[in-house]
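As a plain string of letters, each chain reads:
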Amino acid sequence: MTSSLQTYHEKRDFGKTPEPKGKVSRKKGNLYMVQKHDATRLHFDLRLELDGVLKSWAVTKGPSLDPSVKRLAVRTEDHPVDYGDFEGVIPSGYGKGTVMLWDTGSWEAQEDPHEGLKKGSLKITLKGERLKGGFALVRMKSKKGEKRENWLLIKERDGTQNEDLDPVAEWTDSVKTGRDFDGIEENGPTLKEAQTGTKRKKDSEKLSAKSSPKPAGKSAASLPAFIEPQLATLGEEPPEGEDWLHEIKYDGYRLIACWAKGSAKLYTRSGKDWTGKYPVIADAFAALPGSGVIDGELVAINDQGHSDFGALQAAMKSGDRASLVYYAFDLLKDGRKDWRKQKQHARKDALATLLDGVGDPIRYSDHVVGKGDDVIGKACQMGLEGIISKRADAKYQSKRTRSWIKSKCTGNDEFVIGGYRKSDKKGRPFASLLLGDYVDGDLVYRGRVGTGFSEDLMADLSARMKTLERKTPPFAGMPPDAKRGAVFLTPDLVGQIAYTEITSDGHLRHPSFLGLREDKPANEVKSEKEKMKEVEPAKSSASGSSKSSGNTVAGVKLSSPDRVLYPDQGVTKHDLAEYFAEIAEHMLPHIKDRPVSLVRCPSGRTGSCFFQKHHNAGTPDHMAAVTIIEKDGDKGDYLLLGTQKALVSAAQIGALELHIWGARKDIIEKPDRIVFDLDPDEGKAFEDVKKAAQDIRDLLAAADLQSFAMLTGGKGVHVVVPVERRHDWATVKGFASGFARRLAQEDPSRFTATMSKAKRKGKIFIDWLRNERGATAICPYSTRSRTNAPVATPLTWDELARAASGADYTIANIRQRLARLKSDPWGDYASVRQSLHKGLLDELLG
């Protein structure tokens, strides 16, 4: 398949279609998008930027988040990079139909993408608005005479999979404009709009310039004075209850707006006058009646309708004010009335009334009362930075308080630039920037950022940094390896950095540079823990429900202990914490020293749930971490739950499921357990599952391998084989795969070793994929996020024969079971010494 655009150009008449003609881009990029195309047959076009073009596949049924589902992806001609934001109606001819931008973002190859395309196995990581995590594109063997390339798109099991969510059904509108197909067809862009759009934009700008009021800063003496803003405190989760208002956390510049008698001033959070930087916003405030002071955030709105700090800086440099919006979220003064001593909800009501009928660029920042967990869940699903929760009855205070709580989806903070590393690439002035923040007056090193820079930004930064160069590092206790090849700077510049998490050693993971911040002095850039020192001790009246006060389990304080996590059974967070505390002696031998993935459902089983496997800045103190080299070569800090307090802390953050690796932290590359997960097709009797488990036990015993049975808390059974740590992951996975496939071949009417749900019809899927590096299985005695709060329960083989279902035991009855036991059903598990002998491996691995 050629990488040029010749085929693309030959198939289109650009005098008739609004699609961009485009050419091969000279700039390197990693753009990703999916375009939903209502052509002769509805399909989804997956596109990945590589070598200056968009490599393209038509996914007939759309992508799936279920690793067991394989989607046909037909390779199509390369498209120009300009096609990346195309949305409109293609007239008669090739590709006739409506095109919607269904998802967009960036992508990374998990290995050399050119080799992957050549050999027919391309593994990628998507960072889209909707699709995230690992996917694999696998080329199918061509049939005789077949010209097209048929591939399969498969979701990886990496913690971002979701068997219960159908993305095609969940997201039906444009990620760019929010329109459905009808909206795009009604409003275009059509070919005429595509050709005349630039002219209309210029005409609009001229009209706007004529009608805008002139900046009115001459009467500054009559303006209200600057008021120092209130600041939020970082929290593990949003506070619960109707006493809290929840707003979107915007990604822009905090500005205090003061206006009176046709004049206005804009101040940064530190009191700098930025009126001259944003005259359009100042003019809008100058047009307001009377006088007053408003607190809000200046943002630039990107194509997805979200605030975007990078877009804000780009808009300012290009002079494009069209996308700038000021979101007003608090009223501090109105005329002679000082609103700061009034309650939060009263200030918001007055602000809404004041701004009623006022159009862009000033917008009222709305809020949701209560339902904090649902709000943060939706915000994270939409790719937003997070939310700010504000106590409804609190007054406005010009300091950091606990009456404003910020909850984040991803990291996005300011860091001081204390140096850079030179680049060996021609035309690139530096390779990365050295970052830090202040702790107890010392600048602490937080790592390097080497992505997110445009050519113009790099040139601007390079010029600024040359005047700040110094011989000694500004960082306290900087690691020796970080000093090598570094040029140090006087710490005056501040950068806005996005990142996935902060590692256990305090460094940023996957950082990306968003832009320079000029609204905050470098010496005010402090770590979150340092900021907490500014906050006064919380008073009982501001801590939420009185029932939560002093509520602890096993020494761990619970917030919102009465929150119901299992609505059908009325199981609360306190109930779950008590269960984990009591079950610790049984669970710890299985979970201790193993990396753990959590299924967190902060608002309960029926609310938004998500996986967490990494240890980050918001992780409870009692949870430890282990550093593991990941597929991409980066280091990741994975969760460890090795104590009773760690298990109770899992309940505190709403973790309803605990999944464990098959290896322990000291020898992470040598697994010590093999799991066969028997997953029956719908309608398959549990008696069939039990018989299958017993047959697998007997076959393993014939190979001198002792195995143990566990109800999964779902509809299946796990057959677990402890092994000595002699073999690597590839060998163990190969054995599990070979064993499952051999069984499926010998008894195809009962078993399948293939993930496909179509091939699972009436059969039991022997899931052997839990035995690869990074895969996890439910931990013994963990709860499940299912109706009745079931528990994964180890059994003896005799007990399995009497079991009625895979979910026999729940939080309600597991204690009675354990109290009745005379001995541990897996009592000799830890003493088993067995391994995969050579003859067995030769037979199964060929």
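Not measured: the values here are computed from a predicted model.

Engineer: Summarise the overall build of the protein; cite the residues concerned and give the values.
Structural biologist: On a plain count of helices and strands, the protein comes out with 19 helices and 45 strands. Expressed as a percentage of its 846 residues, the buried residues of the protein come to 52%. Taking as baseline every contact in the protein between residues at least 6 positions apart, the subset at least 24 positions apart corresponds to 68%. Within the structure as shown, the protein displays about 38100 Å² of accessible surface, and the carbon and sulfur contribution to it stands at 49%.

Engineer: Tell me about the pattern of salt bridges, residues and numbers included.
Structural biologist: Applying the stated criterion across every chain, the model contains 43 salt bridges. One salt bridge in this structure joins Asp568 and Arg605, with 3.3 Å as the shortest N-O distance. With Asp568 in the loop between strand E32 (564–566) and strand E33 (571–572) and Arg605 in the loop between strand E34 (596–600) and strand E35 (610–612), the pair connects residues that are 37 residues apart, well separated along the chain. The exposed category is assigned to Asp568, whose relative accessible area is 53%. Across the pair Glu682 and Lys715 runs a salt bridge whose closest N-O atoms are separated by 3.3 Å.

Engineer: How would you sum up the side chain of Gln694? Please name residues and give values.
Structural biologist: Tracing the chain through its elements places Gln694 in helix H15 (residues 686–702). When sequence neighbours within four positions are dropped, the list of residues in contact with Gln694 reads Trp797 and Ala801.

Engineer: How would you explain the nonpolar core if you had to name every residue and give the values?
Structural biologist: In this structure, Ile591, Leu641, Leu658, Phe676 and Phe735 are the most contacted members of the largest nonpolar core, which totals 82 residues. In terms of nonpolar packing, the next biggest core, distinct from the first, is built from 27 residues, Ala257, Phe285, Tyr326 and Trp339 among them.

Engineer: Explain the confidence of the model for the protein to me, and be specific about the residues and the numbers.
Structural biologist: Residues at a pLDDT of 70 or more form 89% of the protein, whose mean pLDDT is 84. In the model, residues 190–221 has pLDDT below 50 throughout and makes 21 contacts with residues more than four positions away in sequence or in other chains. Across residues 538–550 the pLDDT falls below 50, and counting only partners more than four positions away or on other chains, this stretch makes 14 contacts in the model.

Engineer: Give me unusual backbone geometry: which residues, what numbers.
Structural biologist: Here Asp360 and Pro361 are connected by a cis peptide whose omega angle stands at 10°. Position of Pro361 relative to the elements: it lies in the loop between helix H8 (344–355) and strand E17 (362–364). The phi dihedral of Asp51 is positive, around 55°, even though this residue is not glycine. One can find Asp51 in the loop between strand E2 (42–50) and strand E3 (53–59). Judged by its relative accessible area of 44%, Asp51 is partly exposed. The phi dihedral of Ala789 falls on the positive side, at around 50°, and the residue is not glycine. Relative to the helices and strands, Ala789 is located in the loop between strand E44 (777–778) and strand E45 (793–795).

Engineer: Provide a residue-level description of helix H16 (residues 729–746), including the pertinent values.
Structural biologist: Helix length check: H16 (18 residues) gives 26 Å between terminal C-alpha atoms against 26 Å at 1.5 Å per residue, within 8%. If you check which residues of H16 are buried, you get Trp729, Val732, Gly734, Phe735, Ala736, Ser737, Gly738, Phe739, Ala740, Leu743 and Ala744.

Engineer: Help me get a handle on the packing of aromatic side chains, residues and values and all.
Structural biologist: For any pair of aromatic rings, geometry is given as the distance between the ring centres together with the angle between the planes. For the coordinates displayed, the defined rule picks out 28 aromatic pairs. Plain terms: the ring middles of Tyr579 and Phe580 are 5.7 Å apart, the flat faces sit at 45° to each other, and that makes the pair tilted. For the residue pair Tyr579 and Phe580, the accessibility class agrees, reading buried in each case. Measuring from ring centre to ring centre gives 6.1 Å for Trp661 and Trp729, while their planes differ by 80°; the resulting arrangement is edge-to-face. Here the residue Trp661 occupies a position in the loop between strand E38 (655–660) and strand E39 (673–680), and Trp729 occupies one in helix H16, the gap between them amounting to 68 residues.

The rules we used
- Residues numbered from 1 in each chain as written.
- Predicted model: local features only at pLDDT ≥ 70, side-chain atom pairs only at ≥ 80, totals over all residues.
- Heavy atoms only, no water.
- Helix = DSSP H or I, 4+ residues; strand = E, 2+ residues; numbered from the N terminus.
- Buried < 20%, exposed > 50% of the residue type's maximum accessible area, 1.4 Å probe, protein only.
- Contact = heavy atoms within 4.5 Å.
- Areas by Shrake-Rupley, 256 points an atom, 1.4 Å probe, with all protein chains shown as cover.
- Salt bridge = Lys/Arg side-chain N within 4 Å of Asp/Glu carboxyl O.
- Core = buried A, V, L, I, M, F, W, Y, C linked by side-chain atoms within 4.5 Å.
- pLDDT = per-residue confidence, 0-100.
- Expected span 1.5 Å × (residues − 1).
- Phe/Tyr/Trp six-rings, centres within 6.5 Å; stacked < 30°, edge-to-face > 60°.

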